[in-house]
Amino acid sequence: KDELSRLAPITDRAMYKVFDKSMSADLYWVNYTIDRKTRKIYLTNNVDSEITVYDLLTRKLESRIKINHGEFSMVKKSQISEDDFPSHGRTSLSPKNSKLFLLDGGMIVLDYIRGIEYGAYESKKADDPTYHHFQDPAYHRLILFDGTKQVSGDIPLPTNGKVTMALPGNRLLIQLINHDEEEDFIRYGIYKVVESNNYLLKHLTF
C-alpha cells in the first residue's frame, strides 16, 4: 500500500536505557516468532531482559514478558558498553539470545547462549580451529514461557543437540550432531516439553 510503518523501536525497550548510546547498531540483532492464528509477534533482542508481544493488526504493544536468565549477567548491569562484549579477535565470546520458538497454546521457547571465557575458547580453538561457542550445544540453554510469564529455569539441551524447529504437540525437532565421526546422514530427535516439578525435555524418538 506504499505505506511505511514502524514496530518495536529500540528506544521503547527496557534495556535501551542501560545501553551506551555510542554502541554499534550491529549489536541490536532482533529475534522473533509469529503466531499467525492470534496475529501476534513475540520479539526480543540478542541482548535483552524481556520478550515483547505486539498485536500485528493494531501494531500496538500488548505485553512485556520478563526473562530471568540463569547465566546472562550482562542484562542485569546498570550500564552496558561495547567493553562488556568480550571477543577473541573478531570472534564474539559474549552471551546472547539466539532464537524464539512458538509451541502450542502460546507457549514460547527461548534458546539463549551463555558466554565463554577467553581461556576456555583458546583451549577449544586449539583442538578445533573451526570452533565457535555459538555452535556448541553445551553453551545453549532453553527457557520456557506460557505466553504471559516465565515458567522454567534454564534447561540444557541434549548432548550435541541443536534445536532446528518447533513441531505440533509442544515438541521440538533437535539435530543430534556426532562430533566423533563423520556420518553419511543427519540424525534428529523429537523432544516433547513436559511439566514435572519444573519443565523439561522428554526424548520421544529418533
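This text goes with the structure placed above it.
Visitor: I would appreciate a short explanation of the pairing of strand β12 (residues 171–176) in the present structure.
Guide: Walk down a regular strand and you will see the side chains alternate between the two sheet faces. With five of six residues buried, β12 is to be regarded as a mostly interior element. Where strand β11 (residues 161–167) and β12 come together, six bridges link them in antiparallel fashion. Looking across to β12, one finds that M165 is bridged to L173. Connecting the antiparallel pair β11 and β12 is a turn made up of three residues, with G169 showing a positive phi of about 80 degrees.

Visitor: What is the right way to read the nonpolar core from this model?
Guide: Within soluble globular proteins, side chains that are nonpolar generally end up buried alongside one another. Counting residues in each nonpolar core, the largest one holds 23 residues, and the members touching the most others are V47, I80 and F145. Those elements that place two or more of their residues in this core are β3 (50–55), β7 (96–102), β8 (108–113) and β9 (140–145). Among the elements that make up this core, the one with the highest residue count is β8 (three residues). With residues near it in sequence (within four places) discarded, V47 still touches M15, F19, F72, M74, V75, I80, F85 and N97. In this structure, L142, L144, L157 and I174 belong to the second largest nonpolar core, which totals 14 residues.

Visitor: What is the right way to look at the sheet that holds strand β10 (residues 155–156) in this model?
Guide: In a beta sheet, neighbouring strands are held together by backbone hydrogen bonds and run either parallel or antiparallel to one another. Within the open sheet, the four strands sit side by side as β7-β8-β9-β10. Their pairing is antiparallel. Edge positions in the sheet fall to β7 and β10, since each of these pairs with one other strand and no more. The sheet contact formed by β9 and β10 spans two bridges and is antiparallel. Each residue of the ladder has a partner; that of L142, found in β10, is I155.

Visitor: Honestly, the pattern of salt bridges in this entry has me stumped. Any pointers?
Guide: Side chains carrying opposite charge are able to pair once their charged atoms draw close together. Using the criterion set out here, one finds six salt bridges in the structure. Between R13 and D48 there is a salt bridge, with its nearest N and O atoms 2.8 Å apart. One end of the pair, R13, is in the segment before β1 (30–35); the other, D48, is in the loop between β2 (40–45) and β3, and 35 residues separate them in sequence. For the pair R13 and D48, a shared accessibility class is recorded, and that class is buried. Between E62 and K40 there is a salt bridge, with its nearest N and O atoms 2.8 Å apart. Here K40 lies in strand β2 and E62 lies in strand β4 (residues 60–66), a separation of 22 residues in the sequence.

Visitor: Is there a simple way to explain the packing of aromatic side chains in this structure?
Guide: One pair of aromatic rings is described through two measures. These are the centre distance and the angle between the planes. On inspection of all chains with the given rule, the structure shows two aromatic pairs. Relative to Y112, the ring of F72 lies with its centre 6.0 Å away and its plane at 25 degrees, an arrangement referred to as stacked. A residue pair is termed long-range when its members are at least 10 positions apart, and F72 in the loop between β4 and β5 (87–88) and Y112 in strand β8 qualify at 40 residues. Take F72: its relative accessible area is 1%, and that puts it in the buried class. Using a relative accessible area of 0% as the deciding quantity, one classes Y112 as buried. Summarising the aromatic geometry, the rings of Y121 and Y131 are spaced 6.2 Å apart at their centres and angled 50 degrees between planes, so their arrangement reads as tilted. With Y121 in helix α1 (residues 118–127) and Y131 in the loop between α1 and β9, the pair connects residues that are ten residues apart, well separated along the chain. Assessed through its relative accessible area of 11%, Y131 is described here as buried.

Analysis parameters
- Residues numbered from 1 in each chain as written.
- Predicted model: local features only at pLDDT ≥ 70, side-chain atom pairs only at ≥ 80, totals over all residues.
- Heavy atoms only, no water.
- Buried < 20%, exposed > 50% of the residue type's maximum accessible area, 1.4 Å probe, protein only.
- Helix = DSSP H or I, 4+ residues; strand = E, 2+ residues; numbered from the N terminus.
- Pairing = 2+ DSSP bridges.
- Core = buried A, V, L, I, M, F, W, Y, C linked by side-chain atoms within 4.5 Å.
- Contact = heavy atoms within 4.5 Å.
- Salt bridge = Lys/Arg side-chain N within 4 Å of Asp/Glu carboxyl O.
- Phe/Tyr/Trp six-rings, centres within 6.5 Å; stacked < 30°, edge-to-face > 60°.

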